[in-house]
Structure formats: C-alpha cells, structure tokens
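Structural characterization, general
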Amino acid sequence: MHTHEVSYFCFMLRYQDIRNNERRLVGLTSLKSAEFDYLLSHFSPLCEGYFRYHTYAGKLRKIPKFGPQSDEKFPESSDKLLFLLIYLKNNALQEFHAAYYDISQGQVSNLVRVLMPLLDQALGKMGFRPCRDSQSLKNQLRDHPDRVFSQDATQRPIGRKVDYEAQKEDFSGKSKDHTDKNHLLCDDASQILYLSPTYEGSIHDKALLDEENIQWLPHISLRQDTGYQGYAPENVTIIQPTKKPRGTELTDAQKQQNKAISKERVIIENAIAGLKRLRILKDRIRHKCYDLKDQIMCIGCALHNLRLTSPVRSYNPRTLAWALQ
C-alpha cells in the first residue's frame, strides 16, 4: 500500500504581482496603481519606522530591525499596505486572511490594529483626512472656494449587543437595524470636509448635529434633507426640501422645487457611496471597539478624498496634480 505525501502550498499575494493588473488592484483595494504608489510613498516611511522598533504584535523589540527577515510574511511596506486595504475593501473573515497568508487569526487581528493607525496617519499627512472638530472645519471653510455645502448622516450596520439597554441605543427606527451613525459635510466636488464622531444609531439626525454644536461661518449655504427639520443656524442659508404637511398635499411648485433641491443634494449621496466602496463600511462590521470603528470610518472618507483628487480619474474638476510615482 502506497502512501502519498501531500505538500502544503500557500500562495501569498504580493503587490508587485498585481501592480500592472489595474482592474484586479481596483477590485481588491479600490485604488489604481498610481494612487496606491502615491499612498505608499507616505505610508512606507511610517511603516518602516514603526516596525524597526516594534513587532507585528505591537510590542517593543529588544534589538531594532533594519531589514526584512528570511521568514517574514510581509517583508515590504507595499505588502503590508496591500494586506490592510484588501481587508478593508472586502470585509472578509479574519480566518480567511489567516488561511490565505498562512498565519493565525490572532496575528491578523494584531496586524490590523497595528497598521490601521499608520494608514490613518499617512492619509492625514497627505491632507485627505476630514476635519473632526468644529474649529478645524471653520478654518477649512474660511479658505474654501465654495460657499454652498451639503450635509447628511450615514449609518452602517453593527452586531447586536447582548445588553438590552445597549440594543435600544443602537437600534435605528429608520434602518430597522442596529447601527452606528456619523454626520458628514462635503463640498460641490463631493470631497468630504467633515466627519463627526461615531454615535449610536438611535440618535436623530438633527439631535446629532445639535450635539456637535458646529460654529458655522456666516453667509454660507447648507443643503440638507428633511431629517434636519428645524435646524437653522444664525447667518446661514438653509436649502431644504419642503416637508409635506399632515393631511394635505404639496403644490406643484413645491414639488418642482423639491426635485431641484434633490438633484443638488445628490452630491452628498455620491460622497457616502464613495466611502462605502470599502465593504467594511457597507456590510455589517464585526469589530466592537469604538475607537477602531471610528478610525475605519475616517480612513474610508480619506480614501474617498484620495480617489476624488486623483489625476488618473476624471470625476473631479479640482483634481490635485500630485506626482505619479
């Protein structure tokens, strides 16, 4: 009786293997090769500096590392960035990534938690992160060429918590699901300028904005939907559809006006659709840590802004002429 030895082979995807396959790279990461390389030029120094003194688990090394090791799974910064972007774009189980890269699920979790702040920091240095507080937003709007902006709230499904009171806080009557919620502001080019902290899904859109207490510049205009009914800051022009009165119908003129406003408001819907190219923001997120979920949302907005200003795409009249590397 003959026994056959089965050899185990694990194929690990490297960035250099798919760099020239533009369609596959976009499908896996949402970025084209020129955009990936531009992001890598800022991510790589941060990544190399971190892993010189830290392990993949985030612990300090006894001896600094100045080169890749022979058995290292991710020897290059490009491989680490590819790993993280594939994780965010496709929202697959960590067990899948563990099997694909021949590492444990715990190592995948550690690596994600270590790489996420590095990516967030790189996008911040590139100027793509949205503002997270009122004062930063005020400074940005002061120098912005637009005077009309669009705002809306977006939700993303989360896992149901065990505690009943926590379930009630997370449950959104609008979505009929347990969700997290964020408020967004974008300009007329769909660039996301402001991202609020993450709130429970039960909070109303207007209540969320009241909680933020944003200090707007005078003489700007805000497009918003009827979910912000009653929100009217001083010296700010509000552009909002007319809400249908109870028991009556809108006039033809009001319907036409609402239709025109909706055509203009589609800008913010396009921005929300852009950040949700990352399926981790579209599908049910499995992470439970608040800080990590909030950071992922910020990264999604920043990656949307990067794609929006890319010179290799054609949907933004304000394309930034950053160097193609």
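Just so it is clear, the structure is predicted and the values come from calculations on it, not from any experiment.

The rules behind each value
Residues numbered from 1 in each chain as written. Predicted model: local features only at pLDDT ≥ 70, side-chain atom pairs only at ≥ 80, totals over all residues. Heavy atoms only, no water. Helix = DSSP H or I, 4+ residues; strand = E, 2+ residues; numbered from the N terminus. Contact = heavy atoms within 4.5 Å. Areas by Shrake-Rupley, 256 points an atom, 1.4 Å probe, with all protein chains shown as cover. Lys, Arg positive; Asp, Glu negative; His and termini not counted. Charge placed at Lys NZ, Arg CZ, Asp CG, Glu CD. Buried < 20%, exposed > 50% of the residue type's maximum accessible area, 1.4 Å probe, protein only. Polar contact = N/O pair within 3.5 Å; in protein donor to acceptor, adjacent residues only side chain to side chain. Pairing = 2+ DSSP bridges. Core = buried A, V, L, I, M, F, W, Y, C linked by side-chain atoms within 4.5 Å. pLDDT = per-residue confidence, 0-100.

Turning to the overall build of the protein, a few remarks are in order. Counting secondary structure elements, the protein contains twelve helices and seven strands. On the principal axes, the C-alpha backbone points of the protein span a range of 85 × 50 × 40 Å. The long-range fraction of contacts in the protein, counting pairs at least 24 apart against all pairs at least 6 apart in sequence, stands at 64%. Looking at the protein as shown, the accessible area adds up to about 16900 Å², and 50% of this sits on carbon and sulfur atoms. Separation of charge centres in the protein, based on 47 positive and 39 negative side chains, amounts to 2 Å.

A few words now on the environment of Arg-223. Its place among the elements puts Arg-223 in strand β6 (residues 220-223). Judged by its relative accessible area of 7%, Arg-223 falls in the buried class. Placed 39 residues apart in sequence, Arg-223 and Ser-262 show a C-alpha to C-alpha distance of 9.2 Å. Residues contacting Arg-223, with those up to four places away along its chain left out, are Val-148, Phe-149, Ser-150, Gln-151, Asp-188, Ile-239, Glu-264, Arg-265 and Ile-267. A polar atom in the side chain of Arg-223 sits 3.0 Å from the side chain of Ser-150.

Before going further, it helps to spend a moment on the pairing of β6. Here β6 shows a buried face lined by Ile-220 and Leu-222 and a second buried face lined by Ser-221 and Arg-223. As defined by bridge partners, strand β1 (residues 148-157) adjoins β6 across three bridges and the pair is classed as parallel. Each residue of the ladder has a partner; that of Ser-150, found in β6, is Arg-223.

This next bit is on the nonpolar core. Within the largest apolar cluster, 61 residues are counted, with the highest numbers of intra-cluster contacts made by Leu-39, Phe-43, Leu-88, Leu-115, Leu-119 and Leu-123. The leading source of residues in this core is helix α6 (residues 105-125), at ten residues. Every residue in contact with Leu-88, bar those within four places of it in the chain, is listed here: Met-116, Leu-119, Leu-278, Arg-279, Ile-280, Ile-296 and Ile-299. Leu-185, Ile-220, Leu-222 and Tyr-228 belong to the second largest nonpolar core, which has 17 residues in total.

Here the protein shows a mean pLDDT of 89. Residues at 70 or above account for 93%. Helix α8 (residues 164-170) is the least confidently modelled element of the protein, averaging 88 in pLDDT, while strand β4 (residues 192-195) averages 96, the highest of any element.

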